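# Architecture and fold: a report
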Amino acid sequence: MSVPAVRATLHHSAQISRYFAYLVCFIVISGLILGWLSPALRQAFMVRLAPPVSEISQPARSVLEVKKLAKAMPLSAFEARVRKITSARIAPDARDERALASVEERKWVVDYLARRYRVAREPLNKLVKEAFITGREFGLDPLLLLSVIAIESRFNPYAESGVGAQGLMQVMSKLHADKFEHFGGVAAAFDPLANLKVGALILKDCIVRGGSLAQGLRLYVGATSKYDGIYGAKVQAERERLRNVAQGHDISIHLPQKPSRSIIQAYNKTPRGTALSRPKRPLVATAYAASKNSKKVATATASQPPKILIAPASRAAQLELGGNHQKVDGRGESAELGV
C-alpha cells in the first residue's frame with residue numbers, strides 16, 4: 001500500500017471518530033436535558049441502573065408475611081375506634097352504596113349545592129368526593145353526610161355555634177379532642193376533611209346506639225324529647241332533594257330547609273321516629289323531678305305511684321366515642337347525648 005493511500009485511510013478514520021464522538025455527546029446531553037425536565041424518567045433510569053437498597057439488605061418477604069406483619073402492628077386509639085364503628089351494622093335506611101357512585105351524579109350534586117349554598121365548585125367537588133369515600137368507609141349514605149353538613153353549617157367550614165360546635169358538621173371539638181389528635185389537634189376541627197371524618201364517626205356511633213336513623217339524628221343533635229323530630233325531618237328532606245338531584249331531576253334551589261308542619265308530624269309518628277321498644281342496654285328506673293310547688297307527690301299513695309321513666313343506665317350510655325353536645329334547633333340549649 002502506498003503512502004498516499006495510508007494517509008487517506010487515516011484521514012477518513014479520524015473523521016469517523018470525530019463524528020462518533022459528536023453523536024455520543026449529543027445523546028448524553030439529550031439524556032441529561034430529558035432527565036432534568038422529567039423526574040419520572042430520571043427515577044426510572046436510576047431504578048434500572050441500581051437495585052433498591054431494600055432488595056440488597058433484606059430478604060424478599062411473601063404476601064402472607066406482609067399481611068401477618070400488618071396485623072401484628074399495634075393500632076392507634078383512633079384507628080381502633082374507626083375499625084370498631086365501621087364494622088357495626090346499622091339500619092338499612094342510613095346507608096346507600098349506590099349513591100354518588102358515578103362522576104355524573106357527583107357533578108349534578110356539586111352544581112346544585114354550589115348554587116343553593118353559594119359555595120365555590122372546586123372545593124365543593126373535593127368535599128363531595130370525600131363524602132363518597134367516607135360513606136363507603138363507614139357504611140353511611142354520602143348524601144346523608146352532605147345533608148347533615150347542609151343543615152348544620154350550610155357548607156361553611158369556619159362555622160361555630162354559641163356552645164362551641166365547630167366546622168362543617170358542627171362537632172364539639174373540646175369533647176372529641178382525642179379524635180382530632182389523629183389529624184393534628186383540635187385546630188383541625190376547621191379542616192373540612194378532618195371535620196367530615198370525625199363527624200361521620202360520631203354520626204355512625206349515634207345511629208348504632210339509637211338503633212335507627214331517626215334516633216341517631218336525635219342523639220347527634222342532642223334532642224331531649226323523642227318527639228322532637230324537626231332536625232331529623234330537615235335532614236331527611238335535604239337528603240331526599242339531593243337524591244332527586246343525583247337522579248337527574250330538576251330541583252329548585254330556593255326550597256326552604258325546614259319542611260312543613262305536616263311532614264314533621266308525620267315524621268314523628270313513624271316507627272323510626274319513636275323510641276326503641278327493645279333497648280339493647282340495661283334499663284333502670286329514674287324518677288321525674290317533682291315541682292317545688294307540687295304537694296301531690298308528697299301525698300302520693302301506693303295506688304298512685306310517682307311517674308317513672310324507663311331509660312338506659314347513665315354509665316351504659318357513655319360509650320367509647322362519647323356524645324356530641326350541640327344546640328337544639330336554635331334555642332341555645334345544650335343537651336348531652338344519652339340519658
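Check the entry above for the structure.
My aim in this report is to walk through the structure given alongside it, one point at a time. (Residues numbered from 1 in each chain as written. Predicted model: local features only at pLDDT ≥ 70, side-chain atom pairs only at ≥ 80, totals over all residues. Heavy atoms only, no water.)

Turning to the pattern of salt bridges, a few remarks are in order. Per the counting criterion, the structure on display carries 12 salt bridges. Residue Arg 239 pairs with Asp 141 through a salt bridge whose shortest N-O separation is 2.9 Å. Here Asp 141 lies in the loop between α7 (121-138) and α8 (142-153) and Arg 239 lies in helix α12 (residues 230-246), a separation of 98 residues in the sequence. With its nearest N and O atoms 3.6 Å apart, the salt bridge here joins Asp 178 to Lys 179. With relative accessibility at 1%, the residue Lys 179 sits in the buried group. Salt bridges sharing common partners tie together Asp 141, Arg 239, Glu 240 and Arg 243. (Salt bridge = Lys/Arg side-chain N within 4 Å of Asp/Glu carboxyl O. Helix = DSSP H or I, 4+ residues; strand = E, 2+ residues; numbered from the N terminus. Buried < 20%, exposed > 50% of the residue type's maximum accessible area, 1.4 Å probe, protein only.)

A complete count under the given rule lists 2 aromatic pairs for this structure. With a centroid separation of 5.3 Å and 50 degrees between ring planes, the pair formed by Tyr 117 and Phe 155 is classed as tilted. With Tyr 117 in helix α6 (residues 103-117) and Phe 155 in the loop between α8 and β1 (165-166), this pair connects stretches of sequence that are 38 residues apart. The pair formed by Tyr 117 and Phe 155 is uniform in burial state, with each residue classed as buried. (Phe/Tyr/Trp six-rings, centres within 6.5 Å; stacked < 30°, edge-to-face > 60°.)

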